[in-house]
Amino acid sequence: MTDASTPSAPALPDKLQSIVSLFKSAPKPLRLQALLEYSKKLPALPEKYVEHPEFMQPVPECTSPFFLVTEQDGGGVKLHFKVPEEAPTVRGYAGILHEALDGESPETILNVPDDFYLNMGLTELITPMRLRGMGAILKRLKSDVREHAAS
């Protein structure tokens, strides 16, 4: 039993917690396969961003060309990512973020711990440089959410 008044890391949103638990409990070969499956689930970029990529934010810390944009949608946030097919692990991470956080409130997204992905058992599968890129993607996403929430 945990004491709710004890300060601790914010809880992950339910969908993200389910994904993290799934990865953490899966055998190593299945984790990589699951990441590749999430890369296939990443939705296509809306036409308005295909035609106007200048509205997207680059994530220069990521070794793969990675761009993102968020939109306020009622009380939730719509997430859009542009990641090349040739970067399946990074696309998989984007697919996880999209699956778990698309439509969530700005507060929910901003409260996701910056290093949550380290609990997924990916450190054995992905290079440290790619892992740092994952952290940079989440930080850039939060920055974009903060910026849009303030306006």
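Computed from a predicted model, the values in this text were never measured in an experiment. (Residues numbered from 1 in each chain as written. Predicted model: local features only at pLDDT ≥ 70, side-chain atom pairs only at ≥ 80, totals over all residues. Heavy atoms only, no water.)

**Student:** Can you tell me about the pairing of strand β3 (residues 76-82), naming the residues and giving the values?
**Tutor:** Among the seven residues in β3, five count as buried, and that is most of the element. Pairing of strand β2 (residues 67-73) with β3 involves seven bridges; the strand directions are antiparallel. Looking across to β3, one finds that Thr70 is bridged to Leu79. Here β2 hands over to β3 after two residues, with Gly74 in that stretch at a positive phi of 65°. (Buried < 20%, exposed > 50% of the residue type's maximum accessible area, 1.4 Å probe, protein only. Helix = DSSP H or I, 4+ residues; strand = E, 2+ residues; numbered from the N terminus. Pairing = 2+ DSSP bridges.)

**Student:** Outline the sheet that holds strand β1 (residues 57-58), listing residues and values.
**Tutor:** One open sheet accounts for three strands, arranged β1-β2-β3; its pairing is antiparallel. If you trace the sheet from one side to the other, it starts and ends with β1 and β3, each paired once. Here helix α6 (residues 128-150) sits on the sheet and contacts β1, β2 and β3; the angle it forms with β2, its principal contact strand, is near 35°. (Contact = heavy atoms within 4.5 Å. Axes fitted to C-alpha atoms, helices over the stretch in contact; angles between N-to-C directions.)

**Student:** Tell me about the packing of aromatic side chains, and please be specific about residues and values.
**Tutor:** Going through the model one piece at a time under the given rule, you end up with five aromatic pairs. Arranged with centres 6.1 Å apart and planes meeting at 20°, the rings of Tyr93 and Phe116 form a pair that is stacked. Of the two residues, Tyr93 sits in helix α4 (residues 88-101) while Phe116 sits in the loop between α5 (106-110) and α6, which places them 23 residues apart along the sequence. The pair Tyr93 / Phe116 is uniform in exposure class, with both members buried. (Phe/Tyr/Trp six-rings, centres within 6.5 Å; stacked < 30°, edge-to-face > 60°.)

**Student:** Any chance you could break down the environment of Ala136 for me, citing the residues and the numbers?
**Tutor:** Positionally, Ala136 belongs in helix α6. C-alpha separation for the pair Ala136 and Gly95, spaced 41 residues apart in sequence, amounts to 16 Å. Apart from the residues within four sequence positions on either side, Ala136 is in contact with Val59 and Glu61.

**Student:** Residue-level account of the pairing of β2, with values.
**Tutor:** Relative to β2, β1 runs antiparallel, the two being bridged by two bridges. Across the sheet, residue Gln57 finds its bridge partner in β2, namely Leu68.

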